[in-house]
Amino acid sequence: MRQSKDCVAMVLAGGQGARLYVLTSKVAKPAVPFGGKYRIIDFALSNCVNSEIDTVGVLTQYQPHELNAYIGSGQPWDLDRMEGGVHLLPPYMTGKTGEWYKGTANAIYQNIGFLEQYSPKKVLVLGGDHIYKMDYSKMIERHESSGAAATIAVIEVEWEEASRFGIMNCDESGKVVEFEEKPKNPRSNLASMGIYVFDWEKLRSYLISDEADVSSSNDFGGDIIPKMIANGENVVAHRFDGYWKDVGTINSLWDANMDMLANPLLDVFGSDWRIYSRNPTAPPHYVGSEGVVSHSIVTEGCEIYGRVSNSVLFDSVEVGVGAVVRYSTIMPRAKIMPGAVVEFAIVAEDAVIGENAHVGADPKEYDPATWGISVIAANVNVGANAVVEPQQMADADVPAAEARASVAEKAAALAD
């Protein structure tokens, strides 16, 4: 038996992230770059450390290699410890059998042995794909003071958005009396954040029972929580009023990156609750004599010879002379060649946007029904003078096209 822990955190980081399409074709969603210096999983790991939770299991499955390498020993988050620390937990063989994680509850079930090594009183279950800053200790205090079997973090959402979430219907004390998964006619706007605190012994019994139920989908929101409520367990809600975004879609990922520039609730640089990350070593960014940067995040190693505005640039991005980048997220080592225009777009790692190419478009110029964020996948080359339309996702090289004077004119107009 290892040293017992009051609370062990389990981060569910094995999802495919299919709605991010080309951005997650080769990496797990929690490993997707975010905000210039981070990966999505940095938020859950940093929240744990800042909340003084020092034992964290990260459950990986889909395309785990880059995520595993990124987390490593856990040193950037102060989770490289002799007792506790961070542990990577992929599905594994037991005897002659083994299986993939079938659902969120099954993923925890398959790691009961890991949890029992620490004999925890409580288990904190987290998603690895949300952007937020949260003090879990306050949620744990709520859990303890209410004598709950389970505590669920909830956030108020707009009523018109409530049908997109799992909704908690609560009584006046905050006890959850009903859980509705994406209800057509919601009776509450308290949405589950997918963050749970459980009494470990209680959770353990429900996981074992759920695994034996052949009709179960082995999911917390779909099975475990409803069963606990139906059985009369004390399930309570913990309200959160900070910034929180599920970055499961292209638009939400782009929105969250833009929020880094404008939303004070998403201040990741404050010393009171830092978000830690593993960053490559690179020299300071450089802005050339013709380069202009405004209202943007520009990370180490970038070279800017064109114009960048309202954008997030990761490390070692190059923006050539006469190029324009606006309202876009440009991931590590991407190159925007001279004269190119990139607007309202996400350009993934090591992509190259050729000279005078045009990626994306201003929504003011399009019908809302046909406009969307343009996406260039990792390592894709967009040829010179090529056009990538709004909402288009380029997962293969885009051939060069004939020169168009309008590209240079548009770049000049945007620069004014």
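Please refer to the structure placed before this passage.
Keep in mind the model is a prediction, meaning the values are calculated, not measured.

Rules behind the numbers
Residues numbered from 1 in each chain as written. Predicted model: local features only at pLDDT ≥ 70, side-chain atom pairs only at ≥ 80, totals over all residues. Heavy atoms only, no water. Patch = residues over 30% accessible without salt bridge, like charges linked within 9 Å, V, L, I, M, F, W, Y side chains within 5 Å. Areas by Shrake-Rupley, 256 points an atom, 1.4 Å probe, with all protein chains shown as cover. Salt bridge = Lys/Arg side-chain N within 4 Å of Asp/Glu carboxyl O. Helix = DSSP H or I, 4+ residues; strand = E, 2+ residues; numbered from the N terminus. Buried < 20%, exposed > 50% of the residue type's maximum accessible area, 1.4 Å probe, protein only. Pairing = 2+ DSSP bridges. Contact = heavy atoms within 4.5 Å. Axes fitted to C-alpha atoms, helices over the stretch in contact; angles between N-to-C directions.

Taken together, Tyr286, Tyr305 and Val321 make up a surface patch of nonpolar side chains, about 270 Å² in accessible area. By secondary structure assignment, the location of Val321 is in the loop between β22 (318–319) and β23 (324–326).

Applying the stated criterion across every chain, the model contains 20 salt bridges. In this structure, Asp6 engages Lys122 in a salt bridge whose closest nitrogen and oxygen atoms are separated by 2.8 Å. In this pair, Asp6 sits in the segment before β1 (7–12) while Lys122 sits in strand β8 (residues 122–127), placing the two residues 116 residues apart along the sequence. On the accessibility criterion, Asp6 (39% relative accessible area) is partly exposed. A residue is classified by how much of its surface remains accessible, and Lys122, at 5% relative accessible area, is buried. Several salt bridges converge on common partners, so that one network encompasses Lys5, Asp54, Asp78 and Arg81.

Now for the environment of Glu201. Along the chain, Glu201 falls in helix α6 (residues 200–212). With 82 residues separating them in the primary sequence, Glu201 and Ser119 have C-alpha atoms 9.5 Å apart.

In spatial order, the strands read β17-β20-β23-β26-β29-β32; together these six strands make up an open sheet with parallel pairing. Strands at the two margins of the open sheet, each flanked by one partner only, are β17 (292–294) and β32 (387–388). Examined bridge by bridge, strand β29 (residues 358–359) and β32 share two bridges and lie parallel to one another. Bridge assignment links Val359 to a residue of β32, and that residue is Val388.

Right, let's talk about the sheet that holds strand β24 (residues 329–330) for a bit. One open sheet holds the six strands; their spatial order is β18-β21-β24-β27-β30-β33, and the pairing between them is parallel. Every interior strand has two partners, whereas the edge strands, β18 (297–298) and β33 (393–394), have only one. Relative to β24, strand β21 (residues 312–313) runs parallel, the two sharing two bridges. Across the sheet, residue Leu313 finds its bridge partner in β24, namely Ile330. Seen against the sheet, helix α8 (residues 250–262) touches β18, β21, β24, β27 (345–347), β30 (374–376) and β33 and runs at an angle of roughly 95° to β27.

Right, let's get into the environment of Ile297. Relative to the assigned elements, Ile297 resides in strand β18. According to the relative accessible area criterion, Ile297 is buried, its value standing at 13%. Spatially, the C-alpha atom of Ile297 lies 16 Å from that of Ala348, the residues being 51 residues apart in sequence.

Read these as spatial facts, not as claims about activity.
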